[in-house]
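# Tertiary structure, described
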Amino acid sequence: MTRTTRSGRIAASIAVATAILVAAPVISIIALAMQPAPDVWQPLIEYVLPRSLLDTALLLGGVGALSLAIGTGTAWAISLHEFRGRAMLLWLVPLPLAIPTYLAAYVYVDLFEPLGLVHRTLAVWLPLQDAVRALPNLRSLPGAIIVIALVLYPYVYLSARTMFQFQSAEFAEAAKTLGAGRWTTFWRISLPMARPALAVGTALVSLETLNDIGASEYLGVRTLTVSVFTTWLNRGSLAGAAQLSCFMLAIVAGLIAIERYGRRNVTTEFSAESPRLTQRTPLAGIKGGLAFAACLLPVCLGFLVPLLYLAHQSFKRGLFANFDMALWRDAFNSIAFASLATLTALLLGFATILAWRWRPSRLRFVAMNIAQLGYTLPGLVLALGLLAPVLAIDNALNTLAASLGQSLPGLIMVGSGAAVVIAYVIRFLAVPTGFIKAGFERIPRDYDDSARAVGAGQTTTMRLIHLPLLRPAMLGAVIVVFVDCLKELPATLLLRPLNVETLATSIYQYASRGSFEEGALAALLIVAASIGPVAWLTRFSDIPSGPA
Amino acid sequence: MINLRATAATAALLCLTAFGAAPASADGEVNVYTYRETKLIQPLFDAFTKDTGIKVNVVSASSGLEQRMKAEGANSPADVLLTVDIGRMDEAVKAEVTQPIKSMVIDEIVPAQYRDPDGHWAGISMRARVIYASKDRVKQDKITYEELADPKWKGKICIRSGQHIYNNGLFAAYTAKYGEAKAEEWLRGVKANLAQKPSGGDREAARDVAAGKCDIGIGNTYYWALMMNNDPEKKPWAEATKVILPTFEGGGTHVNLSGVLLAKNAPNKANGVKLIEWLVGDKAQQIYADSNYEYPIRAGVAVNPTIAGYGKLTADPLPIAKIAANRKAASTLVDKVGFDN
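Residues numbered from 1 in each chain as written. Chains lettered and ligands numbered in written order. Predicted model: local features only at pLDDT ≥ 70, side-chain atom pairs only at ≥ 80, totals over all residues. Heavy atoms only, no water.

## Looking at the overall build of chain A
Counting secondary structure elements, chain A contains 25 helices and two strands. Over its C-alpha trace chain A gives a radius of gyration of 24 Å, about what one expects of a compact globule, namely 24 Å for 548 residues. Along the longest, intermediate and shortest principal axes, the C-alpha atoms of chain A span 80 × 60 × 50 Å. Looking at the 548 residues of chain A, the share that counts as buried comes to 61%. Within the structure as shown, chain A displays about 20,900 Å² of accessible surface, and the carbon and sulfur contribution to it stands at 69%. The average position of the 40 basic charges and that of the 28 acidic charges among the side chains of chain A differ by 7 Å. (Helix = DSSP H or I, 4+ residues; strand = E, 2+ residues; numbered from the N terminus. Rg over C-alpha atoms; globule rule 2.2 N^0.38 Å. Buried < 20%, exposed > 50% of the residue type's maximum accessible area, 1.4 Å probe, protein only. Areas by Shrake-Rupley, 256 points an atom, 1.4 Å probe, with all protein chains shown as cover. Lys, Arg positive; Asp, Glu negative; His and termini not counted. Charge placed at Lys NZ, Arg CZ, Asp CG, Glu CD.)

Structure (structure tokens):
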């Protein structure tokens, strides 16, 4: 149907190159897994896997369900309703994104543990021992579910919001004329239409949870990821750990396939005839107040509490007064790595989806799916997988230089930090691909056809139609990737060059000595660096209410 | 499309130029890969630079450094690898990224028990795995590791994950001494005595004792000293407990090492050896002992007064290499008895 144009070929080439880039560490891990790992699986199957599979499933299910509820609820309230304080919520609600899961775990354990703030407060009225018993045990599966969901729900919120605010008014109005109330419309119209976006958001939450090691381990939940690390570090079996990673990869691929199969017949494009958008329903008085309070609660728990705690620790320890100037350098490194990676991931993700959109083919479909695989590898496993291919290039360059009689350049990719950026791109590419794919699914192909009918080429269609309509999805992706990069720890630790620290690695330095509060200021800087982009996102993402 | 391509090219260029690649080999430099946090060892490296004029470049990580060295191969900039645990030293040797240190100074200063028989690694300081016991509720001043499985402690012990490297080292020592069957029985006993599911870190063990959740916590020597001296907020946790140096029956206290290895392809080998030798010198040993409250490896260096207050350390005579050899078995046992469940 569509001719293969020059830009079409470029997009396709980028898509294939991207797939190769992402596949490289995966293949390298599979190669590692091919080595024999005697004595690893038998005890794992017997003693570890039943329990850790169950714990992982419960954790993923719990975190997924809770984030879905919070993310969808807030997105629905904010996108389709007008109430006092909404403008403020608009930029507050996504903010927990700025809090790394491991930090949230540290903060909440500190608050709720014996002799912590909550305990000391309770002890004012209760005898010490009774106060200890009254504390919820956060170091448990339910504790982990709550703490992790409180900081991850913005993934669902961001993708759901994109969907809700662009839903055509026609459906909702049709529902209303048929006598459906607000809730019925939500359950029967808005929610099913938002399903692809919700699936993307929840998938991101699940993969982040699966990837998390700091929080789960600290809260005493033994997930598969924790088992991978134990296998490698304590049993000295990298091959066994790689095999376990492949096993995880297979599970995730299976889950993605099931999810795809489940919505194979769902059409979510909105009607071409009705670009008119839903007008926000005003909520007055008590209803508006309730909506505001309900949206504010997750922000308080997922963002304000950790933020205030970190600020309090920084003040108390005099970290502001004795500001460590090295932190500026770390912040610069963090932002530079994250910006480069975000930009690259966005371009690669966009090209990959565009190639599929312009001319669906099996190759492009495969490329599109491979591009999302990086997210399923735990950060450290990805970094380990990346070492071989990246350093093979470095070593080849050195061999080449030597054969030409030139002085050896040294390790360029690792030595320059390019390896860190590449790791981020591979790891977070699933975000722009997912967001942009969901965004494209909303743009009817009729638009492309109409554009062509009036003589517009592919690039013109992309520039004038796709890009503007995709803007919210892309902005959402940019924020998520950027902030994810700022928070990323294990791959950064392993791949960064000599004498380079980021904010996350700086926090790690303190956390690994068991006093993360000393790193409170670095944590605050991560949060500060994230607030800017998130605020920027809100400014541009809130489309005017009413007829467009 | 042109714009997109131009932007992509710019991004790629920036990637390569934004951070200047550090040269692998340069006069008067030494490159250190470390599992020890840079913030902790920086004072040490600063002192080394002041003494010798050799600049120290550092990259620190929590795991995987030996894999990185392996992948970097002949072009690896690493000269020296610093570890905080015998496990990592063992891994590095197995990954074949090290070479024998070959230093009379090291052989003379570091006791044979704390050196690799083949010379690939040497300990530079020691920490002991000890007991933080409640001052109020624990009358004993002596406890053996074996006794931790005694039912009299039922519901009274707090400990972090059995798979954490510190516990792995202790359990590996027990396995090395008694064999897997007895170690399993012991671990089941200890598990039965736990007050709560293993979680948190060593400091939390002290806190939970202070809060009355348990009577004894298991932790490393330096955490207690750090809480006592460097963290006013956590001082009460330390103050509620007394440190008991436990021993194996007929043996001594379990110690783990932070150690040092020389990279196989060290581009600045001479400087690397210089750094390693300097690290076991009087001055470095004293800085190390006082900044992180560890036991010096070098005889004749004063133990920090806080640590000395625990009593005299009699380290268990089991060679560290034997403990390292039992890490895997210990890790499997932890899973087998469901220690962390």
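From this point, the narrative continues.
## Description of unusual backbone geometry
Peptide bonds are, in most cases, trans, and in most cases residues other than glycine have a negative phi. Its identity is not glycine, yet A:Asn499 carries a phi of approximately 65°, on the positive side. Among the secondary structure elements, A:Asn499 is positioned in the loop between helix 23 (490-495) and helix 24 (503-511). In this model, B:Glu96 sits at a positive phi of 60°, which is unusual for a non-glycine residue. Position of B:Glu96 relative to the elements: it lies in the loop between helix 4 (86-94) and strand 4 (98-99).

## Examining the interface of chain B and chain A
Each partner contributes to the interface: chain B provides 74 residues, whereas chain A provides 73 residues. At the boundary of chain B with chain A, total buried surface from both sides reaches about 6,500 Å², with 55% on carbon and sulfur atoms. In this assembly, chain B and chain A are joined by seven salt bridges. At the boundary of chain B and chain A, one finds 18 residue pairs in polar contact (both at pLDDT 80 or more). Tallying contributions element by element places helix 1 (residues 2-17) of chain B first for the side of chain B that touches chain A, with eight residues. (Contact = heavy atoms within 4.5 Å. Buried area = accessible area lost by both parts, 1.4 Å probe. Salt bridge = Lys/Arg side-chain N within 4 Å of Asp/Glu carboxyl O. Polar contact = N/O pair within 3.5 Å; in protein donor to acceptor, adjacent residues only side chain to side chain.)

## So, helix 12 (residues 282-292) of chain B
All names here are of chain B. Three or more residues of helix 12 are buried, namely Ala284, Gln285, Tyr288, Ala289 and Asn292. Viewed end-on, helix 12 has its buried residues packed into an arc of 130°, placing them on one side of the element. Turning to helix 12, the residues buried within the fold contact helix 2 (38-52), strand 5 (121-134), helix 9 (221-230), strand 9 (255-263), helix 11 (269-279) and strand 10 (295-296). Just downstream of helix 12, Tyr293 is the residue with a positive phi angle, here 55°. (Arc of directions from axis to C-beta.)

## Quick look at a nonpolar patch on the surface
All names here are of chain A. Together, Leu53, Ile251, Leu255 and Ile258 make up an exposed nonpolar region whose accessible area comes to about 340 Å². Broken down by element, the nonpolar patch gets its largest block of residues, three residues, from helix 13 (residues 238-262). Topologically, Leu255 is positioned in helix 13. (Patch = residues over 30% accessible without salt bridge, like charges linked within 9 Å, V, L, I, M, F, W, Y side chains within 5 Å.)

## As for the packing of aromatic side chains
Across all of its chains, the model carries 18 aromatic pairs over all chains by this definition. Here the aromatic rings of A:Phe323 and A:Trp328 are separated by 5.1 Å at their centres, their planes lie at 40°, and the arrangement is tilted. Owing to a relative accessible area of 49%, A:Trp328 belongs among the partly exposed residues under this scheme. Three or more aromatic residues joined by ring pairs form one cluster here, namely B:Tyr145, B:Phe171, B:Tyr174, B:Tyr178, B:Trp186, B:Phe248 and B:Phe339. (Phe/Tyr/Trp six-rings, centres within 6.5 Å; stacked < 30°, edge-to-face > 60°.)

## Things to note about the state of the cysteines
Tallied over the entire structure, the rule returns one disulfide over all chains. Residue B:Cys158 pairs covalently with B:Cys214 via a disulfide, S to S 2.0 Å. As the torsion about the S-S bond is roughly -105°, the B:Cys158-B:Cys214 disulfide counts as left-handed. Separated by 56 residues along the polypeptide, B:Cys158 in strand 6 (residues 157-158) and B:Cys214 in the loop between helix 8 (202-210) and strand 7 (216-220) bring together distant segments of the chain. Accessibility expressed as a relative area gives 2% for B:Cys158, which makes it buried. No disulfide involves A:Cys295; its sulfur sits 11 Å from that of A:Cys300, the nearest cysteine. In this structure A:Cys295 comes out as buried when scored by relative accessible area, which is 2%. (Disulfide = S-S within 2.5 Å.)

## Quick notes on the pattern of salt bridges
All names here are of chain B. Enumeration according to the criterion identifies 36 salt bridges over all chains in this entry. Of the charged contacts, one joins Arg115 and Asp107 as a salt bridge, the two residues approaching to 3.6 Å between their closest N and O atoms. Under the relative-accessibility criterion, Asp107 is labelled partly exposed at 43%. Glu294 is the salt-bridge partner of Arg127, the closest N and O atoms lying 3.4 Å from each other. Within this pair, whereas Arg127 is found in strand 5, its partner Glu294 is found in the loop between helix 12 and strand 10, the two being separated by 167 residues in sequence. For Arg127, a relative accessible area of 1% puts it in the buried group.

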